[in-house]
Amino acid sequence: MNTADFEFLASILKQRSGLVLAPEKAYLLESRLMPVARKFGFAGLPELIVTVRKERPEELLRDITEAMTTNESLFFRDMKPFDQFRNLVVPKLVESRQSTRRIRIWSAAASSGQEPYSIAIILMEMQSLLAGWDVEITATDISVEMLNRARSGLYTQFEVQRGLPIATLVKYFKQVGEKWRLDAGVRSMVKFKEFNLLDDPAALGRFDIVFCRNVLIYFDQQTKAEVLARIAKAMPGDGVLYLGGAETVLGITDRFVPITGHRGMYGIAGGEPALKSA
Ligand SMILES: C[S@@+](CC[C@H](N)C(=O)[O-])C[C@H]1O[C@@H](n2cnc3c(N)ncnc32)[C@H](O)[C@@H]1O
């Protein structure tokens, strides 16, 4: 692919999703867009690019963007954030939300569902503490294909082997042919919606806890700062934000502060401390 075509496609991707594609990743464009070219009946990428330049068909642009997202995910990814969620964050919210008995959680780059379903499984296990509570899990992603996969609750043997304790697998999944289907009760706890992190999340409502993990790494500094500022506006002063292990707010925004001793967890700057520092 020549430089002009690379730059053209990279700029479309950045504009539509915030994803930044470095020139050394040009090979990714080629390998991931070939199936899109075939799906739309083009002989190859040059023909696809000509059509995008001339007509900018929305359906094609959407598929190009989706094809360029990295959707890698696993259940209970990195484990520790989920332990902290179970042992510290939820009990603390149960104390502080006694008057409303309502907790809202947002998985903001939910991919194929492993993250919101890990949250749902934890909450299912905490049923006795949460009896009579209204707990909502909203899971969003830019990729409609991923959201459909997530809604199906179907996972391969490989996917359930990554991160899921065997006891959890046995308790909450049923084998269906070569795949495993998550229990309907757990699935019904998560509401999936298409949402682009470049947009204003105000219509989604306010969230006590936000998981925005392993997506900011694909954005440039300015986009990260803008996304984080919008998320901060959607959270109360004692809200908790989870980022991925390779992500931070430091040097990017002053809307969040790290919660000392709890790696990957951030509180609202100037808000009430969500948790005591460890
Ligand atoms: C690597 S996955 C992370 C999944 C999960 N949060 C985790 O940590 O395992 C990144 C997800 O971000 C989504 N994504 C990328 N750009 C996005 C955007 N602008 N708005 C919403 N989701 C986006 C991708 O579609 C992909 O599913």
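S.K.: Is there a simple way to think about the sheet that holds strand β5 (residues 179-182) in this case?
M.R.: Either a parallel or an antiparallel arrangement is found when strands of a sheet pair, and the pairing is made through backbone hydrogen bonds. Pairing in this open sheet of three strands is antiparallel, and the strands run β3-β5-β4 from one edge to the other. Looking at which strands have only one partner, the edges of the open sheet turn out to be β3 (154-156) and β4 (173-176). Between one strand and the next, the sheet's axes are offset by a mean angle of 35°, whatever the strand orientation.

S.K.: When you look at helix α1 (residues 3-17) in this model, what are you seeing that I'm missing?
M.R.: Given 3.6 residues per helical turn, the α-helix brings residues three or four places apart onto the same face. Compared with an ideal rise of 1.5 Å per residue, which puts 15 residues at 21 Å, α1 spans 21 Å between its outermost C-alpha atoms and is within 8% of the ideal. Every buried residue belonging to α1 is among Asp 5, Phe 6, Phe 8, Leu 9, Ala 10, Ile 12, Leu 13 and Ser 17, and all of these are buried. The N-terminus of α1 is capped by Asn 2, whose side-chain oxygen sits 3.2 Å from the backbone nitrogen of Ala 4. Among the residues trailing α1, Gly 18 stands out with phi positive, at a value near 90°.

S.K.: Is there a simple way to explain the packing of aromatic side chains in this structure?
M.R.: Aromatic ring pairs are reported here in terms of the distance separating the ring centres and the angle at which the planes meet. Within this structure, the stated rule accounts for 11 aromatic pairs. Residues Tyr 155 and Phe 173 carry aromatic rings whose centres are separated by 6.5 Å and whose planes lie at 70° to one another, so their mutual orientation is edge-to-face. With Tyr 155 in strand β3 and Phe 173 in strand β4, this residue pair connects regions lying 18 residues apart in the sequence. Here the aromatic cluster, defined as three or more aromatic residues joined through ring pairs, consists of Phe 75, Tyr 117, Tyr 155, Phe 173 and Phe 192. Directly above the ring of Phe 8 sits Arg 53, whose terminal nitrogen or CZ lies 4.3 Å from the centroid.

S.K.: Is there a simple way to think about the nonpolar core in this case?
M.R.: Generally speaking, soluble globular proteins have nonpolar side chains that are buried together. Counting residues in hydrophobic clusters, the biggest one holds 46 residues, and the most contacted among them are Leu 48, Cys 212, Leu 241 and Phe 256. Those elements that provide at least two residues to this core are α1, α2 (26-39), α3 (45-55), α4 (58-67), β7 (209-212), α11 (221-233), β8 (240-243) and β10 (265-268). Of all the elements, α1 adds the most residues to this core, at six residues. Viewed by domain, this core spans two of them, domain 1 (3-67) and domain 2 (80-268), each represented by three or more residues.

S.K.: Looking at this structure, how should I read the pairing of β7?
M.R.: For a regular strand, side-chain orientation follows a simple rule: the groups alternate between the two sheet faces. Going residue by residue along β7, you find Ile 209 and Phe 211 tucked away on one face and Val 210 and Cys 212 tucked away on the opposite face as well. As paired strands, strand β1 (residues 102-107) and β7 are joined by three bridges and run parallel to one another. Among the inter-strand pairings, Ile 105 is bridged to a residue of β7, identified as Ile 209. Here β7 pairs with β8 via four bridges, running parallel. Counterpart to Cys 212 in the pairing with β8 is Leu 243. Assessed by its sense of winding, the connection that carries the chain from β7 through α11 to β8 is right-handed.

S.K.: Looking at this structure, how should I read the environment of Lys 14?
M.R.: With respect to the secondary-structure elements, Lys 14 resides in helix α1. We classify Lys 14 as partly exposed; its relative accessible area is 32%. For Lys 14 and Thr 248, which are 234 residues apart along the polypeptide, the C-alpha to C-alpha distance reads 21 Å. When sequence neighbours within four positions are dropped, the list of residues in contact with Lys 14 reads Leu 19, Val 20, Leu 198, Asp 220 and Thr 223.

S.K.: Whenever I open this one, the site of the ligand confuses me. Can you help?
M.R.: Close to the ligand lie 21 residues, the nearest being Ser 17, Ser 73, Arg 77, Asp 141 and Asn 214. Bound to the protein, the ligand loses 99% of the 600 Å² it would expose on its own. Residue classes in the shell around the ligand are distributed as seven nonpolar, nine polar and five charged.

S.K.: Looking at this structure, I do not really get the side chain of Ser 107. What am I missing?
M.R.: Looking at where Ser 107 falls in the secondary structure, it is placed in strand β1. Given the relative accessible area of 0%, Ser 107 is considered buried.

S.K.: Can you walk me through the domain arrangement of the protein in this structure?
M.R.: Interface size is commonly expressed as the accessible surface area that is lost when the partners come together. When the domains of the protein are assigned, the result is domain 1 (3-67) and domain 2 (80-268). In this structure, domain 1 and domain 2 have C-alpha centres spaced 30 Å apart. Contacts between the two partners involve 10 residues from domain 1, matched on the other side by 11 residues from domain 2. Taken together, the links from domain 1 to domain 2 amount to two salt bridges. Linking domain 1 with domain 2 are seven residue pairs in polar contact (both at pLDDT 80 or more), by the criterion used here.

Cut-offs used in this document
- Residues numbered from 1 in each chain as written.
- Predicted model: local features only at pLDDT ≥ 70, side-chain atom pairs only at ≥ 80, totals over all residues.
- Heavy atoms only, no water.
- Pairing = 2+ DSSP bridges.
- Helix = DSSP H or I, 4+ residues; strand = E, 2+ residues; numbered from the N terminus.
- Axes fitted to C-alpha atoms, helices over the stretch in contact; angles between N-to-C directions.
- Expected span 1.5 Å × (residues − 1).
- Buried < 20%, exposed > 50% of the residue type's maximum accessible area, 1.4 Å probe, protein only.
- Polar contact = N/O pair within 3.5 Å; in protein donor to acceptor, adjacent residues only side chain to side chain.
- Phe/Tyr/Trp six-rings, centres within 6.5 Å; stacked < 30°, edge-to-face > 60°.
- Lys NZ or Arg CZ within 6 Å of the ring centre and 35° of its normal.
- Core = buried A, V, L, I, M, F, W, Y, C linked by side-chain atoms within 4.5 Å.
- Domains from an automatic or database assignment.
- Right-handed = clockwise from strand over helix to strand, strands pointing away.
- Contact = heavy atoms within 4.5 Å.
- Near = heavy atom within 4 Å.
- Areas by Shrake-Rupley, 256 points an atom, 1.4 Å probe, with all protein chains shown as cover.
- Nonpolar A, V, L, I, M, F, W, Y, C, P; charged D, E, K, R; others polar.
- Salt bridge = Lys/Arg side-chain N within 4 Å of Asp/Glu carboxyl O.

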